Amino acid sequence: MNCGIISLLSDMAFEDPWSSFFMDVLSPLSFMKVSCVRMQGLLLLIFAKHQHVPFIQILSTKSTPTGLFGYWGNKGGVNICLRLYGYYISIINCHLPPHLTNNDQRLEHFDRILEMQTFEGLDIPNILDHDLILWFGDMNFRIEDFGLHFVRESVKHQSYSQLWEKDQLSIARKHDPLLREFHEGPLLFPPTYKFDRHSNNYDTSEKKRKPAWTDRILWRLKRQPQASLQDPSQLGPPFSLSLRSYVGHMTYCISDHKPVTGTFDLEMKPLVSAPPITLTPEGLWTMEKDMLVSYSLASDFLSSPWDWIGLYKVGLRHVNDYVTYVWVRDNQISISDGLNQVYINTTNIPETEEEFLLCYYSNSLQSVVGISKPFQICPRSCLGEDTQGYAHPQI
(Lines give C-alpha, C1' and ligand atoms only; values in the text may rest on other atoms or scores of the structure.)
Protein backbone atom coordinates (compact mmCIF):
# COMPACT_ATOMS: atom_id res chain seq x y z
CA MET A 1 0.00 0.00 0.00
CA ASN A 2 1.03 3.59 -0.59
CA CYS A 3 1.67 4.84 2.96
CA GLY A 4 2.13 8.53 2.13
CA ILE A 5 0.09 10.90 4.29
CA ILE A 6 -2.20 11.99 1.41
CA SER A 7 -2.92 8.37 0.50
CA LEU A 8 -3.60 7.44 4.14
CA LEU A 9 -6.05 10.32 4.60
CA SER A 10 -7.78 9.52 1.32
CA ASP A 11 -8.18 5.84 2.25
CA MET A 12 -9.60 6.81 5.67
CA ALA A 13 -12.30 8.89 3.95
CA PHE A 14 -12.96 6.48 1.09
CA GLU A 15 -12.51 2.81 0.29
CA ASP A 16 -8.85 1.97 -0.31
CA PRO A 17 -8.11 1.09 -3.98
CA TRP A 18 -7.18 -2.55 -3.30
CA SER A 19 -10.45 -3.21 -1.44
CA SER A 20 -12.44 -1.57 -4.24
CA PHE A 21 -10.60 -3.56 -6.89
CA PHE A 22 -11.05 -6.92 -5.18
CA MET A 23 -14.70 -6.23 -4.38
CA ASP A 24 -15.36 -5.43 -8.04
CA VAL A 25 -13.67 -8.67 -9.12
CA LEU A 26 -14.99 -11.01 -6.43
CA SER A 27 -18.59 -9.84 -5.82
CA PRO A 28 -19.88 -11.34 -9.13
CA LEU A 29 -18.47 -14.66 -7.88
CA SER A 30 -20.60 -14.43 -4.68
CA PHE A 31 -17.75 -13.26 -2.44
CA MET A 32 -18.14 -10.36 -0.03
CA LYS A 33 -15.58 -8.52 2.07
CA VAL A 34 -15.77 -9.81 5.62
CA SER A 35 -13.00 -7.90 7.39
CA CYS A 36 -9.91 -5.80 6.89
CA VAL A 37 -7.12 -4.21 8.93
CA ARG A 38 -4.47 -1.73 7.83
CA MET A 39 -1.25 -0.37 9.34
CA GLN A 40 0.46 2.20 7.10
CA GLY A 41 1.65 0.19 4.08
CA LEU A 42 0.26 -3.16 5.31
CA LEU A 43 -3.27 -4.23 4.37
CA LEU A 44 -5.02 -7.51 5.16
CA LEU A 45 -8.38 -8.30 3.52
CA ILE A 46 -10.67 -11.28 4.05
CA PHE A 47 -13.39 -12.24 1.57
CA ALA A 48 -15.79 -15.16 1.86
CA LYS A 49 -18.54 -16.75 -0.18
CA HIS A 50 -22.07 -15.96 0.99
CA GLN A 51 -22.80 -19.48 2.24
CA HIS A 52 -19.84 -19.34 4.65
CA VAL A 53 -20.34 -15.79 5.95
CA PRO A 54 -22.84 -16.63 8.76
CA PHE A 55 -20.33 -19.15 10.11
CA ILE A 56 -17.49 -16.60 10.34
CA GLN A 57 -17.19 -14.48 13.47
CA ILE A 58 -14.50 -11.79 13.46
CA LEU A 59 -13.07 -11.92 16.98
CA SER A 60 -10.22 -9.42 16.79
CA THR A 61 -8.32 -7.16 14.38
CA LYS A 62 -4.94 -5.97 15.56
CA SER A 63 -1.90 -3.99 14.42
CA THR A 64 1.55 -4.64 15.89
CA PRO A 65 4.16 -2.00 14.95
CA THR A 66 7.79 -3.04 15.38
CA GLY A 67 9.55 -0.13 13.65
CA LEU A 68 11.26 2.58 15.71
CA PHE A 69 11.31 0.48 18.92
CA GLY A 70 7.69 -0.55 18.47
CA TYR A 71 6.24 2.92 17.90
CA TRP A 72 6.21 3.09 14.10
CA GLY A 73 4.19 0.90 11.74
CA ASN A 74 6.52 0.87 8.74
CA LYS A 75 7.48 -2.60 10.00
CA GLY A 76 5.40 -5.08 11.97
CA GLY A 77 2.28 -7.14 11.44
CA VAL A 78 -1.50 -6.98 11.18
CA ASN A 79 -3.71 -9.82 12.35
CA ILE A 80 -7.34 -10.87 11.95
CA CYS A 81 -8.52 -13.52 14.39
CA LEU A 82 -11.75 -15.26 13.46
CA ARG A 83 -13.84 -18.30 14.20
CA LEU A 84 -14.80 -20.42 11.19
CA TYR A 85 -17.41 -23.11 11.77
CA GLY A 86 -16.30 -23.13 15.42
CA TYR A 87 -12.52 -23.33 14.73
CA TYR A 88 -10.08 -20.58 15.69
CA ILE A 89 -7.98 -19.15 12.85
CA SER A 90 -5.45 -16.31 12.89
CA ILE A 91 -4.27 -14.65 9.69
CA ILE A 92 -1.17 -12.45 9.85
CA ASN A 93 0.36 -10.17 7.23
CA CYS A 94 3.81 -8.81 8.07
CA HIS A 95 6.68 -6.62 6.88
CA LEU A 96 9.98 -7.51 8.57
CA PRO A 97 13.29 -5.54 8.61
CA PRO A 98 15.32 -5.56 5.35
CA HIS A 99 18.99 -6.19 4.48
CA LEU A 100 21.12 -9.33 4.53
CA THR A 101 22.80 -8.60 7.86
CA ASN A 102 19.56 -8.07 9.82
CA ASN A 103 18.53 -11.72 10.02
CA ASP A 104 18.57 -11.82 13.84
CA GLN A 105 16.43 -8.68 13.92
CA ARG A 106 13.92 -10.28 11.54
CA LEU A 107 13.61 -13.29 13.82
CA GLU A 108 13.16 -11.01 16.85
CA HIS A 109 10.36 -9.12 15.10
CA PHE A 110 8.73 -12.42 14.10
CA ASP A 111 8.69 -13.52 17.74
CA ARG A 112 7.50 -10.10 18.93
CA ILE A 113 4.55 -10.04 16.52
CA LEU A 114 3.53 -13.48 17.74
CA GLU A 115 3.92 -12.56 21.42
CA MET A 116 1.76 -9.44 20.97
CA GLN A 117 -1.23 -11.42 19.68
CA THR A 118 -2.96 -11.46 23.05
CA PHE A 119 -6.71 -11.30 23.54
CA GLU A 120 -7.16 -10.01 27.08
CA GLY A 121 -10.76 -9.71 28.20
CA LEU A 122 -11.93 -11.89 25.32
CA ASP A 123 -12.83 -15.56 25.49
CA ILE A 124 -10.19 -16.46 22.90
CA PRO A 125 -7.42 -19.04 23.44
CA ASN A 126 -3.73 -18.23 23.09
CA ILE A 127 -2.75 -17.87 19.43
CA LEU A 128 -0.54 -20.99 19.66
CA ASP A 129 -3.71 -22.91 20.56
CA HIS A 130 -5.55 -21.72 17.46
CA ASP A 131 -6.42 -24.44 15.00
CA LEU A 132 -4.66 -22.64 12.16
CA ILE A 133 -2.23 -19.74 11.76
CA LEU A 134 -1.66 -18.37 8.25
CA TRP A 135 1.35 -16.06 8.17
CA PHE A 136 2.56 -14.27 5.07
CA GLY A 137 4.09 -11.06 3.78
CA ASP A 138 7.36 -9.37 2.91
CA MET A 139 9.52 -11.27 5.39
CA ASN A 140 12.72 -9.91 3.82
CA PHE A 141 14.80 -13.05 4.41
CA ARG A 142 17.82 -13.18 2.08
CA ILE A 143 20.28 -15.68 0.57
CA GLU A 144 23.56 -15.97 2.51
CA ASP A 145 27.16 -16.58 1.37
CA PHE A 146 26.73 -16.77 -2.40
CA GLY A 147 27.72 -13.76 -4.50
CA LEU A 148 25.51 -11.77 -6.86
CA HIS A 149 26.78 -13.45 -10.05
CA PHE A 150 26.30 -17.00 -8.70
CA VAL A 151 22.77 -16.25 -7.49
CA ARG A 152 21.72 -14.64 -10.77
CA GLU A 153 23.18 -17.47 -12.84
CA SER A 154 21.45 -20.06 -10.64
CA VAL A 155 18.14 -18.26 -11.08
CA LYS A 156 18.70 -17.92 -14.82
CA HIS A 157 19.17 -21.70 -15.14
CA GLN A 158 16.46 -22.47 -12.54
CA SER A 159 19.05 -24.23 -10.37
CA TYR A 160 17.48 -23.41 -7.03
CA SER A 161 18.62 -26.27 -4.78
CA GLN A 162 21.87 -24.65 -3.61
CA LEU A 163 20.07 -21.34 -3.05
CA TRP A 164 17.49 -23.06 -0.84
CA GLU A 165 20.28 -24.30 1.43
CA LYS A 166 21.42 -20.71 2.05
CA ASP A 167 17.96 -19.17 2.33
CA GLN A 168 17.78 -17.57 5.77
CA LEU A 169 14.15 -18.54 6.46
CA SER A 170 14.76 -22.17 5.45
CA ILE A 171 17.77 -22.26 7.80
CA ALA A 172 15.79 -20.67 10.65
CA ARG A 173 12.94 -23.16 10.20
CA LYS A 174 15.40 -25.98 10.85
CA HIS A 175 16.79 -24.52 14.08
CA ASP A 176 14.26 -22.13 15.64
CA PRO A 177 11.85 -24.11 17.91
CA LEU A 178 8.86 -21.93 17.01
CA LEU A 179 9.50 -21.53 13.29
CA ARG A 180 10.02 -25.29 13.07
CA GLU A 181 6.29 -25.69 13.65
CA PHE A 182 5.45 -23.61 10.55
CA HIS A 183 5.20 -25.19 7.11
CA GLU A 184 5.95 -23.78 3.67
CA GLY A 185 5.50 -25.05 0.15
CA PRO A 186 8.48 -25.72 -2.14
CA LEU A 187 10.15 -22.62 -3.65
CA LEU A 188 9.83 -23.70 -7.26
CA PHE A 189 9.54 -20.15 -8.59
CA PRO A 190 12.28 -17.52 -9.10
CA PRO A 191 13.18 -15.16 -6.23
CA THR A 192 10.63 -12.37 -6.11
CA TYR A 193 12.96 -9.49 -5.08
CA LYS A 194 14.47 -7.12 -6.14
CA PHE A 195 13.35 -6.01 -9.60
CA ASP A 196 13.60 -2.76 -11.50
CA ARG A 197 10.10 -1.31 -11.50
CA HIS A 198 8.03 -1.92 -14.64
CA SER A 199 10.40 -4.65 -15.82
CA ASN A 200 11.44 -8.26 -15.30
CA ASN A 201 15.07 -7.30 -14.72
CA TYR A 202 16.67 -7.89 -11.35
CA ASP A 203 18.09 -4.79 -9.66
CA THR A 204 20.37 -2.82 -12.00
CA SER A 205 20.81 0.14 -9.63
CA GLU A 206 24.12 0.96 -7.97
CA LYS A 207 23.18 -1.26 -5.01
CA LYS A 208 22.60 -4.30 -7.24
CA ARG A 209 20.86 -6.30 -4.52
CA LYS A 210 21.03 -10.08 -4.73
CA PRO A 211 17.75 -11.78 -5.75
CA ALA A 212 15.94 -13.32 -2.76
CA TRP A 213 12.70 -15.03 -1.81
CA THR A 214 11.51 -12.22 0.45
CA ASP A 215 7.78 -12.80 -0.03
CA ARG A 216 6.60 -15.95 1.74
CA ILE A 217 3.52 -17.83 2.89
CA LEU A 218 3.68 -20.03 6.01
CA TRP A 219 1.10 -21.97 7.97
CA ARG A 220 0.89 -23.77 11.29
CA LEU A 221 -1.70 -26.28 12.46
CA LYS A 222 -2.50 -26.73 16.12
CA ARG A 223 -0.31 -29.21 17.94
CA GLN A 224 -2.03 -32.46 18.87
CA PRO A 225 -1.49 -33.71 22.44
CA GLN A 226 0.92 -36.63 22.67
CA ALA A 227 -1.83 -38.89 24.06
CA SER A 228 -3.97 -38.17 21.02
CA LEU A 229 -1.11 -38.97 18.66
CA GLN A 230 -0.69 -42.37 20.29
CA ASP A 231 -4.44 -43.04 20.52
CA PRO A 232 -6.28 -41.99 17.34
CA SER A 233 -9.63 -42.44 19.08
CA GLN A 234 -8.83 -39.37 21.22
CA LEU A 235 -8.14 -37.10 18.25
CA GLY A 236 -10.42 -34.11 17.80
CA PRO A 237 -12.65 -33.55 14.76
CA PRO A 238 -10.87 -33.70 11.37
CA PHE A 239 -9.18 -30.41 10.47
CA SER A 240 -6.52 -30.42 7.78
CA LEU A 241 -4.89 -28.00 5.38
CA SER A 242 -3.23 -29.01 2.13
CA LEU A 243 -1.33 -26.77 -0.26
CA ARG A 244 -2.62 -26.83 -3.82
CA SER A 245 -0.27 -24.24 -5.37
CA TYR A 246 2.52 -21.88 -4.31
CA VAL A 247 3.44 -19.54 -7.15
CA GLY A 248 5.34 -16.34 -7.88
CA HIS A 249 3.74 -14.26 -10.63
CA MET A 250 6.51 -12.81 -12.75
CA THR A 251 4.29 -10.96 -15.24
CA TYR A 252 3.35 -8.19 -12.77
CA CYS A 253 5.72 -5.23 -12.87
CA ILE A 254 4.19 -2.43 -10.76
CA SER A 255 6.50 -3.09 -7.81
CA ASP A 256 10.10 -4.04 -7.11
CA HIS A 257 8.62 -7.28 -5.72
CA LYS A 258 6.68 -9.94 -7.63
CA PRO A 259 3.43 -11.10 -6.01
CA VAL A 260 3.17 -14.58 -4.50
CA THR A 261 -0.04 -16.57 -4.10
CA GLY A 262 -0.86 -19.72 -2.17
CA THR A 263 -3.98 -21.80 -2.78
CA PHE A 264 -5.07 -24.23 -0.08
CA ASP A 265 -7.74 -26.84 0.55
CA LEU A 266 -9.11 -26.65 4.10
CA GLU A 267 -11.01 -29.74 5.17
CA MET A 268 -12.92 -29.81 8.43
CA LYS A 269 -15.81 -31.34 10.28
CA PRO A 270 -17.88 -28.27 11.29
CA LEU A 271 -18.29 -27.76 15.03
CA VAL A 272 -21.25 -25.49 14.24
CA SER A 273 -23.93 -26.83 11.89
CA ALA A 274 -26.50 -24.03 11.91
CA PRO A 275 -26.06 -20.24 11.61
CA PRO A 276 -26.87 -18.06 14.65
CA ILE A 277 -29.77 -16.47 12.74
CA THR A 278 -32.20 -17.95 10.19
CA LEU A 279 -33.94 -15.31 8.05
CA THR A 280 -37.18 -15.69 6.09
CA PRO A 281 -38.86 -13.01 3.93
CA GLU A 282 -42.57 -13.62 4.45
CA GLY A 283 -45.14 -13.66 1.65
CA LEU A 284 -44.90 -11.90 -1.70
CA TRP A 285 -42.67 -8.83 -1.46
CA THR A 286 -43.72 -5.72 -3.40
CA MET A 287 -42.52 -2.13 -3.63
CA GLU A 288 -45.80 -0.69 -2.40
CA LYS A 289 -45.87 -1.45 1.32
CA ASP A 290 -43.98 -2.52 4.43
CA MET A 291 -42.77 -6.08 4.09
CA LEU A 292 -42.41 -8.70 6.81
CA VAL A 293 -39.23 -10.52 7.84
CA SER A 294 -39.22 -13.48 10.21
CA TYR A 295 -36.05 -14.63 11.93
CA SER A 296 -35.15 -17.18 14.58
CA LEU A 297 -32.16 -17.15 16.92
CA ALA A 298 -29.93 -20.02 17.97
CA SER A 299 -30.25 -20.76 21.67
CA ASP A 300 -26.76 -19.47 22.49
CA PHE A 301 -26.97 -16.27 20.42
CA LEU A 302 -27.32 -12.99 22.32
CA SER A 303 -29.04 -10.28 20.28
CA SER A 304 -28.50 -6.55 20.81
CA PRO A 305 -30.69 -3.47 20.24
CA TRP A 306 -27.95 -2.37 17.85
CA ASP A 307 -28.32 -5.42 15.61
CA TRP A 308 -29.86 -4.70 12.24
CA ILE A 309 -31.23 -6.44 9.14
CA GLY A 310 -30.18 -5.13 5.75
CA LEU A 311 -31.80 -5.61 2.35
CA TYR A 312 -29.20 -6.13 -0.39
CA LYS A 313 -29.05 -6.73 -4.09
CA VAL A 314 -27.48 -10.07 -4.96
CA GLY A 315 -23.82 -9.39 -5.73
CA LEU A 316 -23.21 -7.26 -2.63
CA ARG A 317 -19.58 -6.32 -2.11
CA HIS A 318 -19.61 -5.43 1.59
CA VAL A 319 -22.00 -5.27 4.54
CA ASN A 320 -22.42 -1.51 3.97
CA ASP A 321 -23.89 -2.03 0.48
CA TYR A 322 -27.46 -2.30 1.78
CA VAL A 323 -30.39 -0.83 -0.15
CA THR A 324 -32.24 -0.25 3.12
CA TYR A 325 -32.06 -1.58 6.67
CA VAL A 326 -34.02 -1.81 9.90
CA TRP A 327 -32.95 -1.98 13.57
CA VAL A 328 -34.29 -5.27 14.89
CA ARG A 329 -35.83 -3.74 18.03
CA ASP A 330 -37.27 -0.59 16.40
CA ASN A 331 -39.60 -2.27 13.90
CA GLN A 332 -40.29 -5.42 15.86
CA ILE A 333 -43.91 -6.50 15.77
CA SER A 334 -43.98 -9.94 17.41
CA ILE A 335 -41.93 -12.47 19.37
CA SER A 336 -43.16 -16.02 19.97
CA ASP A 337 -41.50 -19.41 20.45
CA GLY A 338 -38.12 -18.11 19.37
CA LEU A 339 -39.56 -16.55 16.19
CA ASN A 340 -39.18 -12.79 15.77
CA GLN A 341 -40.80 -10.57 13.17
CA VAL A 342 -39.89 -7.10 11.93
CA TYR A 343 -41.06 -5.03 9.00
CA ILE A 344 -38.98 -3.23 6.35
CA ASN A 345 -40.25 -0.31 4.30
CA THR A 346 -39.63 -0.97 0.59
CA THR A 347 -41.52 1.94 -0.98
CA ASN A 348 -38.35 3.92 -1.83
CA ILE A 349 -36.50 1.02 -3.46
CA PRO A 350 -35.85 1.61 -7.19
CA GLU A 351 -37.64 -0.82 -9.47
CA THR A 352 -35.39 -3.58 -10.76
CA GLU A 353 -35.58 -7.15 -11.94
CA GLU A 354 -32.50 -8.03 -9.89
CA GLU A 355 -32.75 -10.44 -6.97
CA PHE A 356 -32.37 -9.40 -3.34
CA LEU A 357 -31.30 -11.06 -0.11
CA LEU A 358 -31.43 -10.24 3.61
CA CYS A 359 -28.48 -10.14 6.02
CA TYR A 360 -28.59 -9.99 9.83
CA TYR A 361 -25.66 -8.04 11.29
CA SER A 362 -24.62 -8.64 14.91
CA ASN A 363 -23.15 -5.54 16.52
CA SER A 364 -21.51 -7.48 19.35
CA LEU A 365 -19.84 -9.97 16.98
CA GLN A 366 -19.17 -7.34 14.30
CA SER A 367 -20.21 -9.97 11.77
CA VAL A 368 -23.05 -11.04 9.49
CA VAL A 369 -24.64 -14.00 11.29
CA GLY A 370 -27.54 -14.80 8.96
CA ILE A 371 -28.21 -14.58 5.23
CA SER A 372 -31.43 -15.44 3.41
CA LYS A 373 -31.66 -17.10 0.04
CA PRO A 374 -32.18 -14.77 -2.95
CA PHE A 375 -35.70 -13.61 -3.78
CA GLN A 376 -37.43 -11.09 -6.02
CA ILE A 377 -39.42 -8.00 -5.11
CA CYS A 378 -42.48 -7.52 -7.31
CA PRO A 379 -42.27 -4.15 -9.18
CA ARG A 380 -45.14 -1.70 -9.06
CA SER A 381 -46.01 -2.37 -12.69
CA CYS A 382 -47.10 -5.92 -11.87
CA LEU A 383 -49.39 -5.09 -8.98
CA GLY A 384 -52.45 -4.74 -11.16
CA GLU A 385 -51.63 -8.00 -12.94
CA ASP A 386 -51.89 -11.59 -11.88
CA THR A 387 -49.00 -12.08 -9.45
CA GLN A 388 -49.34 -15.85 -9.24
CA GLY A 389 -46.45 -16.17 -11.68
CA TYR A 390 -44.08 -14.60 -9.13
CA ALA A 391 -42.35 -17.11 -6.90
CA HIS A 392 -42.80 -16.44 -3.22
CA PRO A 393 -39.49 -16.16 -1.36
CA GLN A 394 -38.64 -19.21 0.68
CA ILE A 395 -35.77 -20.29 2.85
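What counts, and where the lines are drawn
- Residues numbered from 1 in each chain as written.
- Predicted model: local features only at pLDDT ≥ 70, side-chain atom pairs only at ≥ 80, totals over all residues.
- Heavy atoms only, no water.
- Buried < 20%, exposed > 50% of the residue type's maximum accessible area, 1.4 Å probe, protein only.
- Helix = DSSP H or I, 4+ residues; strand = E, 2+ residues; numbered from the N terminus.
- Pairing = 2+ DSSP bridges.
- Arc of directions from axis to C-beta.
- Contact = heavy atoms within 4.5 Å.
- Polar contact = N/O pair within 3.5 Å; in protein donor to acceptor, adjacent residues only side chain to side chain.

Labelled according to an unreviewed UniProt entry, the protein chain appears under the name Inositol polyphosphate 5-phosphatase K isoform X2, originating from Echinops telfairi.

Student: How would you explain the pairing of strand 12 (residues 308-313) if you had to name every residue and give the values?
Tutor: Two faces make up the sheet, and in a regular strand the side chains alternate between them. Counting buried positions along strand 12 gives 5 out of 6 residues, so the element sits mostly inside the fold. In the sheet, strand 12 pairs with strand 13 (residues 324-327) via 4 bridges, with the strands oriented antiparallel. Across the sheet, the residue bridging to Gly310 is Tyr325, located in strand 13.

Student: Could you give me a rundown of helix 2 (residues 17-26), with the residues and numbers involved?
Tutor: An α-helical segment advances 3.6 residues per turn. Residues three or four places apart therefore align on the same side. For helix 2, the set of buried residues is Ser19, Ser20, Met23 and Leu26. Looking straight down helix 2, one finds its buried side chains confined to an arc of 150°; they lie on one side. Lining the buried residues of helix 2 we find strand 1 (31-39) and strand 2 (42-49). Of the residues flanking the start of helix 2, the one acting as N-cap is Asp16, its side-chain oxygen 3.1 Å from the backbone nitrogen of Trp18.

Student: Before we move on, can you summarise the environment of Thr251 with the specific residues and values?
Tutor: Relative to the elements of secondary structure, Thr251 occurs in the loop between strand 8 (239-248) and strand 9 (260-268). For the pair Thr251 and His198, spaced 53 residues apart in the sequence, the C-alpha separation amounts to 9.8 Å.

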